[in-house]
Amino acid sequence: MSYKLTHLKELEAESIYVLREVAAQFEKPAILFSGGKDSIVVTYLAYKAFFPAKIPFPLVHIDTGHNFQETLEYRDNLVKKIGAQLIVGSVQESIDTGRVKEEKGYNASRNRLQTTTLLDTIEKYKFDACIGGARRDEEKARAKERFFSHRDEFGQWNPKNQRPELWNIFNGKKNMGEHFRVFPISNWTEMDVWQYIYQEKIELPSIYFTHERRCFQRDGQWLAAEPCMTLKPTEEVVTLKVRCRTIGDISCTGLTISEAHTLEDIIEEIAATRVTERGGRADDKRSETSMEDRKKEGYF
């Protein structure tokens, strides 16, 4: 009997191949874990890639101090469930030690401050490869990435200095102090991710599903009215049924008004929408080159 691969199985096989290449080529890799659906899928793929052994990489979470509580609870439960090592880099610690200066004002965010904390964490633990959940369909700067994305000794990315990856041959050679960012699900789309989560019955933070939350509107976008947010006098807090389509720091994570209570509902909603996934991320709207500028500085 012939066996035909579905497109999801082909994507899964490609990602697992990349993860095994990381284990073979690097001495101290790590998974950059945000608690978002993409990093959850990458972690799940790593679990499958090396089962029945444990994942041979620690999970590294850069905690801004302004994360959704649901995400942190999910992270801790997942680490305990799969027996993974968790390393947390603290943005608050970077602020307290003077490594970064906290932004002030109504639009203040700790999202950009993560870059310094991430690079300090990479340096502290001497990671030579950091595995992330970025996908090429998300944003134009991420579309320029290879599976193996080289970073120089300062942790910076040069989009013009990308190595060819013909026939999925990956070149992980580097000089002292350099490292790689690796993106196993580069070729996946947002719909692929959701369909895979549905197919594999992967658990997610509850914040991805419709729930009631106190929100306020700013620049045409609904944001969570949490203590870390400074509201303008004209901004009114209301309780709405919303969900997160993509999760990041509270200050930059837009909320979507939704009635999607199940994975099937989410898939139908994504199929019908004409708004891009990162259309709800406030950090991408600071400038036309916002994401690319941050990536060049060492962002995820």
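Anything mentioned here points back to the structure above.
What counts and how
- Residues numbered from 1 in each chain as written.
- Predicted model: local features only at pLDDT ≥ 70, side-chain atom pairs only at ≥ 80, totals over all residues.
- Heavy atoms only, no water.
- Helix = DSSP H or I, 4+ residues; strand = E, 2+ residues; numbered from the N terminus.
- Buried < 20%, exposed > 50% of the residue type's maximum accessible area, 1.4 Å probe, protein only.
- Contact = heavy atoms within 4.5 Å.
- Axes fitted to C-alpha atoms, helices over the stretch in contact; angles between N-to-C directions.
- Parallel < 35°, antiparallel > 145°, perpendicular 65-115°, else oblique.
- Nonpolar A, V, L, I, M, F, W, Y, C, P; charged D, E, K, R; others polar.
- Core = buried A, V, L, I, M, F, W, Y, C linked by side-chain atoms within 4.5 Å.
- Phe/Tyr/Trp six-rings, centres within 6.5 Å; stacked < 30°, edge-to-face > 60°.
- Expected span 1.5 Å × (residues − 1).
- Salt bridge = Lys/Arg side-chain N within 4 Å of Asp/Glu carboxyl O.
- Disulfide = S-S within 2.5 Å.

Caption draft 1: Looking closely at the overall build of the chain. Scanning the chain for helices and strands turns up 8 helices and 10 strands. Here the chain holds 300 residues, and the buried ones make up 53% of them. Look at the contacts in the chain between residues 6 or more apart in sequence, and 73% of them connect residues 24 or more apart.

Caption draft 2: The packing of helix α1 (residues 7–25) against helix α6 (residues 190–200), seen in detail. Orientation of α1 relative to α6, taken along the N-to-C sense of each, is 95 degrees, at an axis distance of 11 Å. In terms of orientation, α1 lies roughly perpendicular with respect to α6. Contacts from His 7, Leu 8, Lys 9, Leu 11 and Glu 12 of α1 reach α6 at Asp 192, Gln 195, Tyr 196, Gln 199 and Glu 200. Classifying every residue of the contact of α1 with α6 gives 3 nonpolar, 3 polar and 4 charged.

Caption draft 3: Spatial organisation of the nonpolar core. The biggest cluster of nonpolar side chains holds 60 residues, and the ones touching the most others in it are Phe 148 and Trp 194. Take this core: its biggest share by element is 7 residues, from helix α2 (residues 37–50). Apart from residues no more than four positions distant in its own chain, Trp 194 is found in contact with Lys 37, Leu 204, Tyr 208, Arg 243, Leu 263, Ile 266, Ile 267 and Ile 270. Counting residues in each nonpolar core, the second largest holds 13 residues, with Ala 30, Ile 62, Leu 113 and Ile 122 among its members.

Caption draft 4: Here's a closer look at the packing of aromatic side chains. One pass over the full model with this rule turns up 12 aromatic pairs. Plain terms: the ring middles of Tyr 44 and Tyr 196 are 6.0 Å apart, the flat faces sit at 70 degrees to each other, and that makes the pair edge-to-face. Of this pair, Tyr 44 sits in helix α2 while Tyr 196 sits in helix α6, and the two are 152 residues apart along the sequence. By relative accessible area, Tyr 44 is classed as partly exposed at 22%. Ring centres 5.7 Å apart and planes at 20 degrees place the aromatic pair Tyr 125 and Phe 127 in the stacked group. Exposure remark for Tyr 125: the relative accessible area of 28% places this residue in the partly exposed category.

Caption draft 5: Structural detail: α1. The end-to-end C-alpha separation of α1 is 27 Å, in line with the 27 Å expected for 19 residues at 1.5 Å each. Among the residues of α1, those classed as buried are Leu 8, Leu 11, Glu 12, Glu 14, Ser 15, Ile 16, Val 18, Leu 19 and Val 22. Considering only its buried residues, α1 is in contact with β1 (29–32), α2, β4 (129–131), β5 (148–151), β6 (179–182) and α6.

Caption draft 6: Representation of the environment of Glu 259. Along the polypeptide, Glu 259 turns up in the loop between β10 (255–257) and α7 (263–272). Between the C-alpha atoms of Glu 259 and Val 242, which are 17 residues apart in sequence, the distance is 7.5 Å. The contact partners of Glu 259, leaving out residues within four places of it in the chain, are Thr 210, Lys 241, Asp 265 and Glu 269.

Caption draft 7: Fine view of the pattern of salt bridges. The tally for this structure, following the rule as stated, stands at 16 salt bridges. For Asp 76, the salt bridge identified is with Arg 75, shortest N-O distance 3.0 Å. For Asp 76, a relative accessible area of 36% gives the class partly exposed. Arg 75 gets classed as buried once you look at its relative accessible area, which sits at 10%. Because the salt bridges share partners, they merge into one network encompassing Lys 9, Glu 12, Lys 48 and Glu 200.

Caption draft 8: Here's a closer look at the state of the cysteines. Taken as a whole, this structure holds 0 disulfides when the rule is applied. The closest cysteine sulfur to the non-disulfide-bonded Cys 244 is located on Cys 215, 9.2 Å from its own sulfur. What makes Cys 244 buried here is its relative accessible area of 0%.

What is shown is where atoms sit, not what they do.
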